[in-house]
Amino acid sequence: MLENLESSYDCSQAGDDLHQLKQELASLQGLGKEDSETQERMNRLENQISFIMNKCGIHH
């Protein structure tokens, strides 16, 4: 998970960062644990992925 995402985020890193974030999210989803800490982490990862995709104009 990336520590800080700000409006000054460098989109040249988006490909690597998205890959890393999506892998981490998939790993957490694969655990099948739905405790509040895991859910909070998954929400944060989803928000980071959305931020990067929106900021860098990436559409899927």
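What counts as what
- Residues numbered from 1 in each chain as written.
- Predicted model: local features only at pLDDT ≥ 70, side-chain atom pairs only at ≥ 80, totals over all residues.
- Heavy atoms only, no water.
- Helix = DSSP H or I, 4+ residues; strand = E, 2+ residues; numbered from the N terminus.
- Buried < 20%, exposed > 50% of the residue type's maximum accessible area, 1.4 Å probe, protein only.
- Contact = heavy atoms within 4.5 Å.
- Areas by Shrake-Rupley, 256 points an atom, 1.4 Å probe, with all protein chains shown as cover.
- Expected span 1.5 Å × (residues − 1).
- Arc of directions from axis to C-beta.
- Salt bridge = Lys/Arg side-chain N within 4 Å of Asp/Glu carboxyl O.
- Core = buried A, V, L, I, M, F, W, Y, C linked by side-chain atoms within 4.5 Å.
- Disulfide = S-S within 2.5 Å.

*Asks:* Looking at this structure, I do not really get the overall build of the protein chain. What am I missing?
*Replies:* Assigned secondary structure in the protein chain consists of 2 helices and 0 strands. Taking the principal axes of the C-alpha coordinates as reference, the protein chain spans close to 35 × 20 × 15 Å. Every one of the 60 residues in the protein chain was classed for burial, and the buried ones make up 28%. Residue pairs in contact within the protein chain that sit at least 24 positions apart in sequence constitute 67% of those at least 6 positions apart. With the model as given, the accessible surface of the protein chain reaches about 4200 Å², and the carbon-plus-sulfur share is 44%.

*Asks:* Where do I start with helix H2 (residues 36-55) in this structure?
*Replies:* Because an α-helix completes one turn every 3.6 residues, residues spaced three or four positions apart along the sequence face the same direction. Taking 1.5 Å of rise per residue, the 20 residues of H2 would be expected to cover 28 Å, and the 28 Å separating its terminal C-alpha atoms lies within 8% of that figure. All of the buried residues in H2 are Thr38, Met42, Leu45, Gln48, Ile49, Ile52 and Met53. Taken around the axis of H2, the buried residues stretch over an arc of 130 degrees, which confines them to a single face. Exposed and facing more than 90 degrees away from the buried side of H2 are Ser36, Glu37, Glu40, Asn47 and Asn54. Positive phi appears at Gly57, one or two residues downstream of H2, with a value of about 65 degrees.

*Asks:* How should the pattern of salt bridges be read in this particular structure?
*Replies:* When charged atoms on two side chains of opposite charge get close, those side chains can pair. The full count for this structure, using the stated rule, is 1 salt bridge. For Glu24, the salt bridge is made with Arg41, and the minimal N-O distance between the two is 2.4 Å. Residue Glu24 is located in helix H1 (residues 14-31), and its partner Arg41 is located in helix H2; the two are separated by 17 residues in the primary sequence. By relative accessible area, Glu24 is classed as buried at 16%.

*Asks:* How do you make sense of the nonpolar core when you look at a structure like this?
*Replies:* Within soluble globular proteins, side chains that are nonpolar tend to cluster in buried spots. Counting residues in each nonpolar core, the largest one holds 13 residues, and the members touching the most others are Leu21, Ile49 and Ile52. Contributing elements (two or more residues each) for this core: H1 and H2. Sequence-distant contacts of Ile49, defined by excluding residues within four places in its chain, comprise Leu18, Leu21, Lys22 and Leu25.

*Asks:* Help me understand the state of the cysteines, please; the structure alone is not making it clear to me.
*Replies:* In a disulfide, the sulfur atoms of two cysteines are covalently bonded to one another. Summed over the entire model, instances satisfying the criterion amount to 1 disulfide. Each disulfide pairs two cysteine sulfurs, and for Cys11 the partner residue is Cys56, the sulfurs being separated by 2.0 Å. The S-S bond linking Cys11 to Cys56 shows a torsion near -90 degrees; that makes this disulfide left-handed. Taken together, the residues span a long stretch of sequence, with Cys11 in the segment before H1 and Cys56 in the segment after H2 at a distance of 45 residues.

The values reported here are purely geometric and, on their own, carry no functional implication.
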